Amino acid sequence: APGATDREPPADAIVLFDGTNLDRWVGDNGPATGDVKDGYMQVAPGAGNIRTKQAFGACQLHLEFATPDPPTGEGQGCGNSGVYLQGRYEVQVLDSHTTETNPTGQCGAIYGHHPPLVNASRPPGKWQTYEIFFFAPRFDAQGNVVEPARFTVIHNGVLIQHHAPVPGPTAAAMFGDMKPTGPLVLQDHGNLVRYRNIWIRPLQ
């Protein structure tokens, strides 16, 4: 059964963050850190990344984020965070409404591989939505990759990645190998990025 609205989790979704606690997450070196209030979690700069306790393969991921307002910094230092599927493949979070950077480092890019088809960013401080459809790499009986990971991403209702192949882990990946599953990771890049309403649907 679908949610009452498109942003609400359907019946088969796993709610990873409902705005109240980080019970489904851990930090790099212990409990997950982040300022949880008013229905959102704010990255704690310098505290490290957080990742889900559970590992996932192919999935549909919904999350909402907001970059800092007023904005500070330029380029990769302006509202930077990242959403890592399996801890290996990053969909970039950045204030691409305010700042300019390299094409594969802007908001919605598969970092270092594919720029977004269009810039669909909202102004800093405004809530934005990612709908990410992730297709995990496939392996043969010997463990060789026969199909790379692929992404389809909708940013604020706009298609920005269309079944884009990613041959291997992106830069700054937490795991350098390639496997069928891994945790979802939210990156601490030293900026006060906020997240809310995170849910995931495992896909076959």
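Right above here is the structure, for reference.
Residue positions are given per chain, counted from 1 along the sequence in the order it is written. The predicted nature of this model means local features are confined to residues of pLDDT at least 70 and side-chain atom pairs, given and counted, to a pLDDT of 80 or more, with totals for whole chains, interfaces and linings taken over all residues. Hydrogen atoms and water are omitted, and side-chain values are computed over all heavy atoms in the structure.

Before going further, it helps to spend a moment on the environment of aspartate 140. In this text, helices come from DSSP runs of H or I with a minimum length of four residues, and strands from runs of E with a minimum of two, each type numbered from the N-terminal end. With respect to the helices and strands, aspartate 140 occurs in the loop between β10 (138-139) and β11 (145-147). Under the relative-accessibility criterion, aspartate 140 is labelled partly exposed at 28%. Throughout this description, a polar contact denotes any pair of N or O atoms lying within 3.5 Å of each other; where both atoms belong to protein, one of them has to be capable of donating a hydrogen while the other can accept it, and for residues adjacent in sequence the pair is counted only when both atoms sit in side chains. A distance of 2.9 Å separates a polar side-chain atom of aspartate 140 from the backbone nitrogen of glutamine 142. A simple rule labels every residue: compare its accessible area, found with a 1.4 Å probe on the protein chains alone, to the largest value its type can have, and call it buried under 20%, exposed over 50%, or partly exposed in between.

Tracing the sequence through the fold places isoleucine 154 in strand β12 (residues 149-155). When the C-alpha positions of isoleucine 154 and histidine 62 are compared, they lie 9.7 Å apart, and in sequence the two are 92 residues distant. The residues contacting isoleucine 154, other than those within four sequence positions of it, are Thr129, Tyr130, Glu131, Phe133 and Leu159. The contact criterion used throughout is that any non-hydrogen atoms of two residues lie within 4.5 Å.

A carboxyl oxygen of Asp or Glu within 4 Å of a side-chain nitrogen of Lys or Arg is what we treat as a salt bridge. The full count for this structure, using the stated rule, is eight salt bridges. Here lysine 37 ties to aspartate 35 by a salt bridge, and the two come within 3.8 Å at their closest N and O atoms. Look at lysine 37 and you get partly exposed, because its relative accessible area is 37%. We note a salt bridge from arginine 150 to glutamate 147, for which the minimum N-O separation is 2.8 Å. Residues participating in the shared-partner salt-bridge network are Arg7, Glu64 and Arg196.

Another point: the nonpolar core. In these notes, a set of buried Ala, Val, Leu, Ile, Met, Phe, Trp, Tyr and Cys residues joined through side-chain atoms within 4.5 Å is what counts as a nonpolar core. Counting 38 residues, the largest nonpolar core has Trp25, Val83, Tyr130, Phe151, Tyr195 and Ile198 as its most contacted members. Examining the composition of this core, we find that four residues originate from one element, strand β6 (residues 59-66), more than from any other. With residues near it in sequence (within four places) discarded, isoleucine 198 still touches Ile14, Val15, Leu16, Phe17, Trp25, Leu61, His62, Leu63, Leu184 and Leu186.

Between 30 and 60 degrees the pair is tilted, below 30 it is stacked and above 60 it is edge-to-face, where a pair is any two Phe, Tyr or Trp rings, Trp via its six-membered ring, whose centres lie within 6.5 Å. Within the structure shown, the criterion is met by five aromatic pairs. On the numbers, 4.9 Å between centres and 50° between planes, the contact of phenylalanine 65 with tyrosine 130 is tilted. Pair noted here: phenylalanine 65 is in strand β6 and tyrosine 130 is in strand β9 (residues 128-135), with a separation of 65 residues, a long-range link. Owing to a relative accessible area of 0%, phenylalanine 65 belongs among the buried residues under this scheme. Judged by centre distance (5.6 Å) and plane angle (40°), the rings of tyrosine 89 and phenylalanine 134 are tilted. On the criterion of sequence distance, the pair formed by tyrosine 89 in strand β8 (residues 89-93) and phenylalanine 134 in strand β9 is long-range, its members being 45 residues apart. These aromatic residues form a ring-pair network of at least three members: Tyr89, Phe134 and Phe151.

Within the element layout of this structure, glutamate 131 appears in strand β9. Side-chain polar atoms of glutamate 131 contact the side chain of histidine 62, separated by 2.5 Å.

By the convention used here, strands pair only if DSSP detects at least 2 bridges between them. Where β12 lies against strand β13 (residues 158-166), six bridges are found, and the strand directions are antiparallel. By the bridge assignment for β13, histidine 155 is matched with valine 158. Connecting the antiparallel pair β12 and β13 is a turn made up of two residues, with asparagine 156 showing a positive phi of about 55°.

Moving on: the sheet that holds strand β2 (residues 25-27). Spatial ordering of the open sheet is given by β2-β5-β14-β7-β8, a layout of five strands whose pairing is antiparallel. The open sheet has two edge strands, β2 and β8, and neither has a second partner. Each strand axis lies, on average, 25° off the axis of its neighbour in the sheet, ignoring direction. For strand β7 (residues 81-85) and strand β14 (residues 182-186), the ladder comprises two bridges, and the chain directions are antiparallel. Looking at β14, one finds that valine 83 is bridged to leucine 186. Here an axis means a line fitted to C-alpha atoms, over the contact stretch when the element is a helix, while the angle between two N-to-C directions is reported on a 0 to 180 degree scale.

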